[in-house]
Amino acid sequence: MRKLVLLAVALVLCSCIDRQKPAEQPSATEDTILREKELGDSLLNEVFASLTEITDNLNTIKIRENLITSSYNSGEIQVEPTAVIRADIAAIDDLLAENRRALDRLRHNADQLKKANRQVESLERLLSAFADQIAAKDQEINSLKEELQIVNRQVEILSSGLEEVSRIRGELETELESTTGILNTAYYIVGSAKELKKKGITGKSGFIGRTTVVNDNHELDDFTAIDLRTFDELILGRKNVEIITSHPEGSYVFVMGERGVFQSLVITDKARFWAASKILVVSYK
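None of the values given here were measured: they were computed from a predicted structure.

Undergrad: Can you help me understand the overall build of the protein in this one?
TA: Along the protein, the regular secondary structure elements total 6 helices and 9 strands. Across the 285 residues in the protein, those meeting the buried criterion constitute 31%. Taking all contacts inside the protein whose residues are at least 6 apart in sequence as the whole, residues at least 24 apart take part in 72%.

Here it is, written out as structure tokens:
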């Protein structure tokens, strides 16, 4: 495309060069003729530069249009890519504005070449063709802007939906974390038989050989809350220790010290140990 345009420019320049009126005017001096020629050559250089600028800008516009079209056709336009497309459209707007300014300079130069007695019909036809191309690009960019507005609205709707989903997800995760924490919370208390009875935590059951049991209506104010996932050992340091709550044998062991002191209670099978009760009551005498 650029080669064809440059070829057209060359033909235009050829049609403009050395087309002055014959120098045999009796009133014209050699200095006047030289100045007119220099002016014409200078104008032609400006014309060539402006035509090259317009051609390069049109090529750049085409490249950016292809990038925008590829983004639309991919169907994967998200928030960030729309910002890139906006930047491309803004850049195309700037290039079109540069082309319009270059076109105005070319029209001005064409008028000056006419005054310098140069033939500019070919140049004027080329300027008309460029003007048509710029107008067509303006329409294309306006259409792209309208499409981008539609996409932006769709992205806003999608973003709003994603924010709502994220909010709900956060609430569910918080609720799940809270529920998980509750499910994995257990309570224990270690106290003397007299103390536990006084606090209403334990009582006696049966008539003959009454058994110490945990009262159903006891409060948890005196208990220590633990995370059963990380709680492995309860330090005791007491004699005559008894577990009042129900926990299956084989799910725990007592670590014994000297002189019959129960140093600690070690939980060896957490799932079985806490299966029947999330309450651990240990009594000593």
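Undergrad: Got a minute to help me understand the sheet that holds strand 9 (residues 279-284) in this structure?
TA: Strand pairing in a sheet is mediated by backbone hydrogen bonds. Such pairs are either parallel or antiparallel. What the 4 strands build is an open sheet, ordered 4-1-9-6; its pairing is mixed. Edge positions in the open sheet fall to strand 4 (224-227) and strand 6 (241-243), since each of these has one partner strand only. With strand direction ignored, the average angle separating the axes of adjacent strands in the sheet is 25 degrees. With 4 bridges joining them, strand 1 (residues 185-192) and strand 4 adopt antiparallel strand pairing. When the bridges of strand 4 are listed, Tyr187 appears paired with Ala225.

Undergrad: Looking at this structure, I do not really get the sheet that holds strand 5 (residues 233-238). What am I missing?
TA: Pairing in this open sheet of 3 strands is antiparallel, and the strands run 5-8-7 from one edge to the other. Whereas interior strands pair on both sides, the edge strands pair on one side only; in this sheet they are strand 5 and strand 7 (252-256). Within the sheet, the average angular offset between the axes of one strand and its neighbour, ignoring direction, is 20 degrees. As paired strands, strand 5 and strand 8 (residues 262-267) are joined by 4 bridges and run antiparallel to one another. Residue pairing in the sheet places Ile235 in a bridge with Ser264 of strand 8.

Undergrad: Where do I start with helix 4 (residues 121-183) in this structure?
TA: With 63 residues, helix 4 extends 90 Å from end C-alpha to end C-alpha; this agrees with the ideal 93 Å at 1.5 Å per step. The set of residues buried in helix 4 consists of Leu123, Leu126, Leu127, Phe130, Ile134, Lys137, Ile141, Leu144, Leu148, Val151, Asn152 and Val155.

Undergrad: How should I be thinking about the side chain of Ser251 in this particular structure?
TA: Within the secondary structure, Ser251 is located in the loop between strand 6 and strand 7. Given the relative accessible area of 0%, Ser251 is considered buried. Polar side-chain contacts of Ser251 include one of 2.6 Å to the backbone oxygen of Pro248.

Undergrad: I tried to follow the packing of aromatic side chains on my own but got confused; where do I start?
TA: Each aromatic ring pair is specified by the distance between its two centres and by the angle formed by the two planes. Summed over all chains, the structure comprises 5 aromatic pairs. Measuring from centroid to centroid gives 5.6 Å for Tyr188 and Phe231, while their planes differ by 25 degrees, and the two rings are stacked. With Tyr188 in strand 1 and Phe231 in the loop between strand 4 and strand 5, the pair connects residues that are 43 residues apart, well separated along the chain. Centre to centre, the rings of Tyr252 and Phe273 are 5.8 Å apart; their planes meet at 80 degrees, and the pair counts as edge-to-face. Of this pair, Tyr252 sits in strand 7 while Phe273 is found in helix 6 (residues 270-273), placing the two residues 21 residues apart along the sequence. The pair Tyr252 / Phe273 is uniform in exposure class, with both members buried.

Undergrad: Looking at this structure, how should I read the nonpolar core?
TA: Here is a general trend for soluble globular proteins: nonpolar side chains tend to be buried in one another's company. Of all hydrophobic cores here, the largest spans 24 residues; its most connected members are Leu51, Ile54, Leu103, Leu106, Leu123 and Phe130. Within the residue set of this core, elements represented by two or more residues are helix 2 (30-74), helix 3 (79-115) and helix 4. In terms of residue count, helix 3 provides more of this core than any other element does, 10 residues in total. The contact partners of Ile54, leaving out residues within four places of it in the chain, are Asn99, Ala102, Leu103, Leu106 and Phe130.

Undergrad: Hey, could you run me through the side chain of Asn184 in this one?
TA: Position of Asn184 among the secondary structure elements: in the loop between helix 4 and strand 1. Classification of Asn184 by relative accessible area gives buried; the value is 15%. Excluding residues that lie within four positions of it along the chain, Asn184 makes contacts with Ile226, Asp227, Leu228 and Arg229.

Undergrad: Even after reading the chapter, I still don't get unusual backbone geometry, so can you show me in this structure?
TA: Its identity is not glycine, yet Asn240 carries a phi of approximately 50 degrees, on the positive side. One can find Asn240 in the loop between strand 5 and strand 6. On the basis of relative accessible area, Asn240 is assigned to the exposed category, the value being 53%. The residue Arg259 is not glycine, and still its phi comes out positive at about 60 degrees. One can find Arg259 in the loop between strand 7 and strand 8. Residue class for Arg259 comes out exposed when judged on its relative accessible area of 77%.

Rules used throughout
Residues numbered from 1 in each chain as written. Predicted model: local features only at pLDDT ≥ 70, side-chain atom pairs only at ≥ 80, totals over all residues. Heavy atoms only, no water. Helix = DSSP H or I, 4+ residues; strand = E, 2+ residues; numbered from the N terminus. Buried < 20%, exposed > 50% of the residue type's maximum accessible area, 1.4 Å probe, protein only. Contact = heavy atoms within 4.5 Å. Pairing = 2+ DSSP bridges. Axes fitted to C-alpha atoms, helices over the stretch in contact; angles between N-to-C directions. Expected span 1.5 Å × (residues − 1). Polar contact = N/O pair within 3.5 Å; in protein donor to acceptor, adjacent residues only side chain to side chain. Phe/Tyr/Trp six-rings, centres within 6.5 Å; stacked < 30°, edge-to-face > 60°. Core = buried A, V, L, I, M, F, W, Y, C linked by side-chain atoms within 4.5 Å.

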